[in-house]
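One-letter residues, chain by chain:
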Amino acid sequence: MAKAIFHADFNFSSRLTRAGWSVKASRKPQTLPRELIDAGIAAGVATLPDDNKAKDETPPKESGETAGD
């Protein structure tokens, strides 16, 4: 399983198994099978999330902080 952000609704039928998916667009990354994500990227409706950006948005905690400071 992998994560991707879908910018538009997307329907996909697997080429490997007897399965199909209907993905709704969302600003949040969704965990889905890699085959589906690759097809969404190829169709131009999905992108991989930028993990480094998400880490940069959370400020690190300063050491030495105590409750009430």
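Scroll up a little and you will see the structure.
Residues numbered from 1 in each chain as written. Predicted model: local features only at pLDDT ≥ 70, side-chain atom pairs only at ≥ 80, totals over all residues. Heavy atoms only, no water.

## Observations regarding the overall build of the protein
Within the protein one finds 2 helices and 5 strands. Mapped from its N terminus to its C terminus, the protein presents α and β elements in the order β-β-β-β-α-β-α. Taken over 69 residues, the protein has a buried fraction of 23%. Sequence-distant contacts in the protein: of pairs separated by 6 or more residues, those separated by 24 or more amount to 52%. Summing over all exposed atoms, the protein offers an accessible surface of approximately 5600 Å²; the carbon and sulfur share of this is 50%. (Helix = DSSP H or I, 4+ residues; strand = E, 2+ residues; numbered from the N terminus. Buried < 20%, exposed > 50% of the residue type's maximum accessible area, 1.4 Å probe, protein only. Contact = heavy atoms within 4.5 Å. Areas by Shrake-Rupley, 256 points an atom, 1.4 Å probe, with all protein chains shown as cover.)

## Quick look at the sheet that holds strand β5 (residues 46-47)
Reading across from one edge, β4-β1-β5 is the order of the 3 strands in this open sheet, with antiparallel pairing throughout. Because the sheet does not close on itself, it has two edges, and the strands there are β4 (30-32) and β5. For strand β1 (residues 2-6) and β4, the ladder comprises 3 bridges, and the chain directions are antiparallel. The residue bridging Ala4 from the neighbouring strand is Gln30, located in β4. (Pairing = 2+ DSSP bridges.)

## Regarding the pattern of salt bridges
Inspection of the entire model under this criterion finds 2 salt bridges. Where Lys24 meets Asp9, a salt bridge forms, and the shortest distance between an N and an O atom there is 4.0 Å. With Lys24 in the loop between β3 (20-23) and β4 and Asp9 in the loop between β1 and β2 (10-13), this pair connects stretches of sequence that are 15 residues apart. Among the residues examined, Asp9 registers a relative accessible area of 48% and is labelled partly exposed. (Salt bridge = Lys/Arg side-chain N within 4 Å of Asp/Glu carboxyl O.)

## Thoughts on the environment of Ser26
Counting through the fold element by element, Ser26 comes out in the loop between β3 and β4. For the pair Ser26 and Ala46, spaced 20 residues apart in the sequence, the C-alpha separation amounts to 10.0 Å. The residues touching Ser26, leaving out its near neighbours within four places in the chain, are Ile5 and Phe6. At 3.1 Å, the side chain of Ser26 and the backbone nitrogen of Lys28 are in polar contact. (Polar contact = N/O pair within 3.5 Å; in protein donor to acceptor, adjacent residues only side chain to side chain.)

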